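What follows is the residue order along each chain.
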Amino acid sequence: MVDEDNDYANAVLDIMPNAEAFVPEIWSLEIVNTLLVAERRNRMTVEQTQASINWLQSLLITIFDYRRDDWIFLGGQGFMRKG
């Protein structure tokens, strides 16, 4: 959001156009909720929200079901597909 600045988050944003992200199923709902709350609190405009959605849709984001047997939990490092 425009009124926030975080070095770690900015570094992640910088690499995202060239990376693949694996996110849990609830991720989409969390994103929608975050954007809606930001709009309601006047931290983002409708245009900024749409721009964020367009940007997110341009990224390589894979939604996965972590309960499936083909994923291995790596602790704080996240998940990895078997094989």
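Cut-offs applied
- Residues numbered from 1 in each chain as written.
- Predicted model: local features only at pLDDT ≥ 70, side-chain atom pairs only at ≥ 80, totals over all residues.
- Heavy atoms only, no water.
- Helix = DSSP H or I, 4+ residues; strand = E, 2+ residues; numbered from the N terminus.
- Contact = heavy atoms within 4.5 Å.
- Areas by Shrake-Rupley, 256 points an atom, 1.4 Å probe, with all protein chains shown as cover.
- Buried < 20%, exposed > 50% of the residue type's maximum accessible area, 1.4 Å probe, protein only.
- Pairing = 2+ DSSP bridges.
- Axes fitted to C-alpha atoms, helices over the stretch in contact; angles between N-to-C directions.
- Parallel < 35°, antiparallel > 145°, perpendicular 65-115°, else oblique.
- Left-handed = near helix turned anticlockwise from the far one by under 90°.
- Nonpolar A, V, L, I, M, F, W, Y, C, P; charged D, E, K, R; others polar.
- Expected span 1.5 Å × (residues − 1).

### Remarks on the overall build of the chain
Regarding its fold elements, the chain presents three helices and four strands. Each helix (α) and strand (β) of the chain, taken in turn from the N terminus, gives the series α-β-α-α-β-β-β. Considering only contacts within the chain whose residues lie at least 6 apart along the sequence, 56% involve residues at least 24 apart. Total accessible area on the chain is roughly 6,600 Å²; 54% of this is exposed by carbon and sulfur atoms.

### Quick notes on the pairing of strand β1 (residues 20-24)
Of the two faces of β1, the one lined by Ala21 and Val23 is fully buried and the one lined by Glu20, Phe22 and Pro24 carries no buried residue. Pairing of β1 with strand β2 (residues 60-64), which is carried by five bridges, proceeds in the parallel orientation. Bridge pairing in β2 links proline 24 to phenylalanine 64.

### Examining the packing of helix α2 (residues 27-40) against helix α3 (residues 46-58)
Two elements in contact, α2 and α3, have axes separated by 9 Å at closest approach and are oriented at 160°. Taken together, α2 and α3 sit at an angle that is classed as roughly antiparallel. Where α2 crosses over α3, the handedness of that crossing is right-handed. Between α2, through Trp27, Ile31, Leu35 and Glu39, and α3, the contact on the second element is made entirely by Val46, Thr49, Ser52, Ile53 and Leu56. Class assignment for the residues of the contact of α2 with α3 results in six nonpolar, two polar and one charged.

### Describing the side chain of threonine 49
Position of threonine 49 among the secondary structure elements: in helix α3. By relative accessible area, threonine 49 is classed as buried at 7%. Sequence-distant contacts of threonine 49, that is, excluding residues within four places in its chain, are made with Leu35, Glu39 and Met44.

### A short note on α2
For α2, which comprises 14 residues, the first-to-last C-alpha distance of 20 Å matches the rise-based estimate of 20 Å (1.5 Å per residue) to within 8%. Count one or two residues on from α2 and you reach asparagine 42, which has phi positive near 60°.

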